[in-house]
Amino acid sequence: MPIAAPISRLIRSTSGAVAIETAAILAPLFLILLGSLQFSLYVIECERLGTTVYELSSSRQAELTDRSQNEVAATLCQQIALVEECPHTIRVQLAPLLSYPSIGTQVDENIFDPGSAGTIMLLRTEAAMISFIPGVGRLPIRATAIYMRS
Amino acid sequence: MSTRPSPSEFMADRRGAAAIEFALIANILLVLLAAVGEIALTVRATRDVNRLASQLSLAVAQTCASTSCVEQLARMAVDRGDNYLITAEQLRVSAQEVSKTNGALFTSDGAALSDPTATARASAVLAEGDVGVIVTMSATAISPFAALLPPTATWRISATAVAVRRAAIPVI
């Protein structure tokens with residue numbers, strides 16, 4: 001059989017084994033590296049959004065009561081970098097805590113009620129962060145804050 | 001004729017050793033990687049629960065002038081927890097009024113405050129004669145890495161916050 005000998009030699013040959021092993025291991029290692037980077041950036045973006053929402057609800061309340069929903073969205077987008085077309089895609093919901101249902105709901109961008117003085121308010125935001133890992137879609141980043149409107 | 005090696009031949013054979021070593025070490029590395037992610041998410045969830053407890057105590061203290069109002073708002077906060085608790089689950093919230101008289105802390109029913117964490121927080125925040133609200137919030141961090149880690153790796157997050165009624169000084 002003319003083809004058996006070359007195949008047999010190929011199987012027994014060890015030259016180039018390191019290159020093949022490196023190529024095999026490099027892909028998962030590179031994926032782990034990308035995953036770590038993506039995870040770090042995800043945590044940073046969550047932190048930035050959470051801190052901005054917290055500041056808006058505590059020391060910068062006037063920005064929630066005096067400005068429109070689009071302006072609040074633009075303020076939030078100034079702090080986060082990895083959300084595509086951010087002012088248009090970020091969702092912001094503001095309403096009195098009492099008006100939320102007792103079951104968990106999605107952030108509804110059609111609701112933006114600054115409430116009245118003395119009301120306990122709930123601010124919720126959600127945006128989709130871009131992902132650079134193949135097969136992983138956009139990652140949701142969310143932040144919430146409870147405050148009493150002064 | 002059998003090609004199976006004898007036990008001594010098998011033990012002496014070095015082929016495939018690197019693959020076996022890698023398989024052994026990869027498991028440990030994977031668990032370590034998951035643990036690092038788990039710690040990062042738990043730290044974030046802890047920060048969120050602390051922040052929410054702080055905000056809730058301030059909001060309740062500024063809104064309520066009665067014990068029933070405090071309890072009602074605590075119930076409301078628990079009922080709506082799924083709408084604002086995003087990094088943790090299994091929320092529990094308790095809120096109670098506390099006052100400081102002659103240096104001692106008392107709850108609204110006249111009993112001495114017994115919880116050591118709440119006592120320490122309230123002692124630092126309340127001045128003599130002040131009335132405040134203590135909010136205790138606890139939850140479990142949501143973990144996407146749970147399947148890779150032992151069940152004991154999940155722990156409960158607790159936060160205690162105190163706010164003086166009608167004052168704007170929350171303390172986590």
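Please refer to the structure placed before this passage.
The following paragraphs examine the structure supplied in this document. (Residues numbered from 1 in each chain as written. Chains lettered and ligands numbered in written order. Predicted model: local features only at pLDDT ≥ 70, side-chain atom pairs only at ≥ 80, totals over all residues.)

Re the overall build of chain A
Point 1. For chain A, the helix and strand inventory stands at five helices and three strands.
Point 2. Starting at the N terminus and walking to the C terminus, you meet the elements of chain A as α-α-α-α-α-β-β-β.
Point 3. Over its C-alpha atoms chain A spans a radius of gyration of 25 Å, topping by over 25% the 15 Å that the globule rule assigns to 150 residues.
Point 4. The C-alpha extent of chain A, read off along each of the three principal axes, is 90 × 30 × 25 Å.
Point 5. By residue count, 25% of the 150 residues in chain A fall in the buried class. (Helix = DSSP H or I, 4+ residues; strand = E, 2+ residues; numbered from the N terminus. Rg over C-alpha atoms; globule rule 2.2 N^0.38 Å. Buried ≥ 20, exposed ≤ 12 C-beta atoms within 10 Å, placed from the backbone.)

As for the nonpolar core
Point 1. Residues Ile-146 of chain A together with Val-49, Val-60, Ala-95 and Val-135 of chain B are the most contacted members of the largest nonpolar core, which totals 67 residues.
Point 2. Element by element, the count of residues in this core is highest for helix α2 (residues 17–63) of chain B, at ten residues.
Point 3. Setting aside residues no more than four positions away along its own chain, Val-49 of chain B makes contact with Ala-88, Met-137, Ala-139, Ile-157 and Ala-159 of chain B. (Core = buried A, V, L, I, M, F, W, Y, C linked by C-beta atoms within 7 Å. Contact = placed C-beta atoms within 7 Å.)

Looking at the sheet that holds strand β2 (residues 104–107) of chain B
All names here are of chain B.
Point 1. Ordered in space as β2-β1-β3-β4, the four strands form an open sheet in which the pairing is antiparallel. If you trace the sheet from one side to the other, it starts and ends with β2 and β4 (156–164), each paired once. Strand-to-strand twist of the sheet, defined as the mean angle between neighbouring strand axes without regard to direction, takes the value 30°.
Point 2. For strand β1 (residues 88–101) and β2, the ladder comprises four bridges, and the chain directions are antiparallel. (Pairing = 2+ DSSP bridges. Axes fitted to C-alpha atoms, helices over the stretch in contact; angles between N-to-C directions.)

Quick word on the packing of helix α2 (residues 17–58) of chain A against α2 of chain B
To characterise two packed helices, one gives the angle between the axes of the helices and the distance between these axes.
Point 1. Contact geometry for α2 of chain A and α2 of chain B: axes closest at 11 Å, N-to-C directions at 5°. Between α2 of chain A and α2 of chain B, the interaxial angle falls into the category roughly parallel. The segment α2 of chain A lies against α2 of chain B, with Phe-39, Val-43, Cys-46, Gly-50, Tyr-54 and Ser-57 of chain A engaging Gly-37, Ala-40, Arg-44, Asp-48, Arg-51 and Gln-55 of chain B.
Point 2. The class makeup of the residues in the contact of α2 of chain A with α2 of chain B is five nonpolar, four polar and three charged. (Parallel < 35°, antiparallel > 145°, perpendicular 65-115°, else oblique. Nonpolar A, V, L, I, M, F, W, Y, C, P; charged D, E, K, R; others polar.)

Quick look at the environment of Gly-110 of chain B
Point 1. Among the secondary structure elements, Gly-110 of chain B is positioned in the loop between β2 and α5 (116–125).
Point 2. Considering only alpha carbons, one finds Gly-110 of chain B and Ser-99 of chain B, eleven residues apart in sequence, at a separation of 9.2 Å.

Concerning the sheet that holds strand β1 (residues 91–96) of chain A
Point 1. As summarised here, the arrangement of the three strands in space is β1-β2-β3 (chain A), forming an open sheet in which the pairing is antiparallel. Edge positions in the sheet fall to β1 and β3 (139–148) of chain A, since each has one partner strand and no second. Looking at each pair of strands side by side, their axes are set apart by 10° on average, direction ignored.
Point 2. In this fold α2 of chain A packs onto β2 (120–129) and β3 of chain A, with an angle of close to 20° to the strand it touches most, β3 of chain A.
Point 3. Contacts from α2 of chain B reach β2 and β3 of chain A within the one sheet, and its direction differs from that of β3 of chain A by about 25°.

Describing the pairing of β1 of chain B
Point 1. Of the pairings in the sheet, the one linking β1 of chain B to strand β3 (residues 131–141) of chain B comprises ten bridges and is antiparallel in character. Across the sheet, the residue bridging to Ser-94 of chain B is Thr-136 of chain B, located in β3 of chain B.

Some thoughts on helix α3 (residues 67–79) of chain B
Residues and elements named next belong to chain B.
Point 1. Look at α3: 19 Å from first C-alpha to last across 13 residues, which is about the 18 Å you get at 1.5 Å a residue.
Point 2. Regarding α3, the residues found buried are Val-70, Leu-73, Ala-74 and Ala-77. On an axial view of α3, the arc spanned by its buried residues comes to 105°, and they lie on one face.
Point 3. Looking at the buried residues of α3, the elements they touch are α2, α4 (81–84), β1 and β3. (Expected span 1.5 Å × (residues − 1). Arc of directions from axis to C-beta.)

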